[in-house]
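Geometric and topological summary
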Amino acid sequence: MDEFVIRALLAGGGIALLAGPLGSFVVWRRMAYFGDTLAHSALLGVTLGFLLGVNPMIGVMVVCVTLALALVALQRRRNLAADTLLGILSHGSLSLGLVALAFLETLRVDLMAYLFGDILSVTDGDLMAIYGGGAVALTGLALLWRRLLAVTVDEDLARVEGMPVDALRLAFMLLIALVIAIAMKIVGILLITSLLIIPAASARRFARTPEGMAVLASVLGILAVVAGLLASLNWDLPGGPSVVVSAAALFLLGSLVPIRR
Amino acid sequence: MSTPTLSRDESALFAGPLAWTEDLTVRFGRRTVLDRVNVAVQPGEVVTLIGPNGAGKTTLVRAVLGLVAPDGGRVLRRPNLRVGYMPQRLAVDRTLPLTVRRFLALWRPVTADKVEAALEEAGVTRLADSAVQTISGGEMQRVLLARALLGEPDLLVLDEPDQAVDVHGQAELFNRIAQVRQRRGCGVLLVSHDLHTVMARTDRVICLNSHVCCSGRPEDVSRHPEYHALFGGHARDLAVYVHHHDHAHAEDGKVVPEHDGSCCHG
C-alpha cells in the first residue's frame with residue numbers, strides 16, 4: 001500500500017475514533033447545528049492564522065472559542081431563537097472567512113481543501129496534530145465524562161449537586177473546537193459535523209449505555225473512513241465526501257437492521 | 001414566622017433551621033414574584049408551600065436551591081447542608097441510552113450497593129434496568145426520590161409532581177417521603193397546589209401569593225381567610241374559625257399593613 005494511503009487511513013481513523021464519543025455528546029445535547037456553526041467559522045481562523053503567521057490550527061481554535069463565547073453571551077439576551085442566532089453566526093463567519101481570504105492576494109490557499117478536506121495529502125505533522133490533539137481531547141472527555149453526562153441529563157440537578165455547570169459547558173465547547181481544528185484538514189469545514197453526528201446517530205439504535213454508543217460510534221466512523229478511502233482511491237472520488245457518503249450509507253443500513261427489545 | 005438572627009456557624013451549633021430566607025425578593029423584569037419572603041425549614045420538619053398558579057412557589061424553591069439569584073434579601077443555609085432536589089419533571093433526551101441504575105450513579109461517585117439500597121427505599125428496584133425514557137411519570141418521581149436519597153440529604157426539596165402523576169401515585173409518593181423523613185430525620189420543603197393532598201403529612205403550611213399570606217399548622221391555615229380568598233369555594237365549608245390577620249391587600253395585591261398586630265406570621 002502506498003505511504004500516502006496509510007497516512008490517510010491513520011488520519012481518518014484517528015479523527016473517527018475521537019469523533020465517536022464527542023459526536024455522541026453532540027447528539028445527546030442537540031448541538032449539531034452548534035458544531036456546524038463552529039466549523040464554518042474555522043475558515044476565518046485559517047485566514048487569521050496566515051495573517052498573524054501562526055499555525056492555522058491555533059487560529060481555528062481561537063476563532064471557534066471566541067464564537068462559542070459570543071453565542072453564549074447572545075443567548076442570554078433571548079431576543080432571538082438559538083437557531084436563528086446560529087444561522088447568523090454560521091453563515092456570517094463563513095462568508096467573512098471567504099472575504100478575508102480573498103483580500104490576501106499574495107497568499108495561495110487551496111480553498112477547496114479547506115472546505116471539503118484533502119485526506120490524501122496528510123503530512124506527518126498533520127498526523128502528530130491529530131494523535132496529539134486527539135489524546136488531549138479524549139483524556140479531557142474521559143475525566144469529565146460522568147459530570148458532562150449529568151449536565152446533559154439536567155442542568156438544574158447538576159447545579160444543585162454543586163457541579164460547575166458553566167465551566168463544564170465551556171470545556172465541552174473547547175473540546176469541539178479542538179476536534180474541528182484537527183479534523184478540518186481531513187473532511188473539510190463543511191463536512192466536519194457529519195463525522196461527529198452520523199456515526200453517533202447510527203450507533204444509537206444498538207446501544208444500551210452511553211459508553212456503548214460512544215464506542216460503537218467510533219467503530220462505525222472508522223469503518224466509514226476505510227470504506228470511503230477505498231472508494232476514493234478506486235474510482236478517483238473526492239476523499240472527504242466519500243467518507244461522509246460511506247457514513248451515511250452505514251446509517252441507512254443500520255436503520256434497516258431489525259432490533260428486538 | 002420568626003426571623004433567625006443566628007450567624008451561620010452558630011446555627012450549626014444550636015440546631016437552628018436547615019435553610020431559611022430573610023426578606024427574599026425576586027423580580028422577573030418588572031414583576032415582583034417574591035416580595036420580602038421569610039420562610040425557614042427546621043430539621044425533621046415537613047413544610048408545604050401552597051398558593052395559586054404564579055404565586056412564586058417554584059421560584060421560592062429555586063431560590064432556596066440556589067438556582068435563582070435574589071434581587072433583595074438573602075437565602076441562608078447551614079454550612080455543608082446536603083440538599084436533595086426532586087424536580088417537578090425530568091425528560092431525558094431519547095437519544096441518550098440510559099438505564100435507571102445508571103441515571104442514579106451520574107450525580108456523585110457511588111457504590112453499586114448504595115444504588116441498590118436507594119432503589120429499594122424508593123420502591124423502584126424492579127425498574128433498575130429500564131431505560132429512563134420508558135418509565136411512567138409516577139415511576140420517574142420515585143426514581144428522582146431515589147436519586148435524592150443517594151446524596152444522604154439533610155433537606156429534601158420537591159416540587160409537586162404535575163398532572164403526569166395520578167392522584168394515587170401522588171399519595172404513594174407522599175407516603176414514601178413521610179417514611180423517609182421518619183427514618184432519616186431530614187427536613188422536607190414541598191410545593192403543592194392543593195392543601196388537602198398533603199394536609200395529613202405536613203407539619204407547617206405556608207400560604208404564598210408573592211408574599212407570605214399566612215402560615216401555621218394545616219388545620220389553622222385551612223380556616224384562614226387569606227387561604228379562602230385564594231382558594232375560593234374549595235374550602236368554604238370549613239370557614240368557622242377566623243384567624244387574626246395583620247395586613248390587608250391593595251387591589252394590585254400589595255400588602256398594606258393594617259395595624260401592628262402580629263399573629264398569623266408566627
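Residues numbered from 1 in each chain as written. Chains lettered and ligands numbered in written order. Predicted model: local features only at pLDDT ≥ 70, side-chain atom pairs only at ≥ 80, totals over all residues.

Along chain B, the regular secondary structure elements total nine helices and twelve strands. Residue burial in chain B is summarised as follows: out of 266 residues, 41% are buried. Counted over contacts in chain B with a minimum sequence separation of 6, partners at least 24 positions apart contribute 64%. (Helix = DSSP H or I, 4+ residues; strand = E, 2+ residues; numbered from the N terminus. Buried ≥ 20, exposed ≤ 12 C-beta atoms within 10 Å, placed from the backbone. Contact = placed C-beta atoms within 7 Å.)

In this section: the overall build of chain A. Each helix and strand counted, chain A has twelve helices and zero strands in total. Going from the N terminus to the C terminus, chain A shows its helices and strands as α-α-α-α-α-α-α-α-α-α-α-α. Relative to its length of 261 residues, chain A is compact, with a C-alpha radius of gyration of 18 Å against a globular reference of 18 Å. Taking the principal axes of the C-alpha coordinates as reference, chain A spans close to 55 × 45 × 30 Å. Within the span of chain A, comprising 261 residues, buried residues form 48% of the whole. (Rg over C-alpha atoms; globule rule 2.2 N^0.38 Å.)

Taken together, the 21 residues of chain A in the interface contact 17 residues of chain B. Going through the elements one at a time, helix 1 (3-28), helix 7 (124-153), helix 8 (155-160) and helix 11 (210-235) of chain A are the ones with two or more residues in the side of chain A that touches chain B. Take the side of chain A that touches chain B: its biggest share by element is five residues, from helix 7 of chain A. Of the residues that constitute the side of chain A that touches chain B, the class distribution is ten nonpolar, three polar and eight charged. (Nonpolar A, V, L, I, M, F, W, Y, C, P; charged D, E, K, R; others polar.)

A few words now on the domain arrangement of chain B. Residues and elements named next belong to chain B. Entries for chain B in the domain assignment read domain 1 (42-64 + 153-243) and domain 2 (88-151). Contacts between the two partners involve 13 residues from domain 1 and, on the opposite side, 13 residues from domain 2. Elements that contribute at least two residues to the side of domain 1 that touches domain 2 include exactly strand 7 (155-159) and helix 6 (167-184). Element by element, the count of residues in the side of domain 1 that touches domain 2 is highest for helix 6, at four residues. In terms of residue class, the side of domain 1 that touches domain 2 is made up of seven nonpolar, one polar and five charged. (Domains from an automatic or database assignment.)

What follows deals with unusual backbone geometry. One non-glycine residue with positive phi stands out, namely Asp236(A), at about 55°. Here Asp236(A) shows up in the loop between helix 11 and helix 12 (239-256). A residue is classified by how many C-beta atoms lie within 10 Å of it, and Asp236(A), with 7 of them, is exposed. One non-glycine residue, Glu152(B), adopts positive backbone phi at about 45°.

Turning our attention to the nonpolar core. Membership of the largest hydrophobic core comes to 151 residues, with the highest contact counts inside it found for Val179(A), Ile180(A) and Leu195(A). Discounting chain neighbours no more than four positions away, the residues touching Ile180(A) are Leu38(A), Ala39(A), Ala42(A), Val60(A), Cys64(A) and Ile192(A). (Core = buried A, V, L, I, M, F, W, Y, C linked by C-beta atoms within 7 Å.)

What follows deals with the pairing of strand 9 (residues 204-209) of chain B. Residues and elements named next belong to chain B. Most of strand 9 sits inside the fold, with five of its six residues counted as buried. Pairing between strand 4 (residues 46-50) and strand 9: four bridges, direction parallel. Paired with leucine 49 across the two strands is isoleucine 206, which belongs to strand 9. In this sheet, strand 10 (residues 211-216) lies alongside strand 9 in antiparallel orientation, the contact comprising five bridges. (Pairing = 2+ DSSP bridges.)

Residues and elements named next belong to chain B. Of note, valine 33 is situated in strand 2 (residues 31-37). Along the chain, valine 33 and lysine 57 lie 24 residues apart, while their C-alpha atoms are 9.2 Å from each other. For valine 33, the contacting residues outside a window of four places in its chain are Val26, Arg27, Phe28, Gly56, Thr59 and Ser210.

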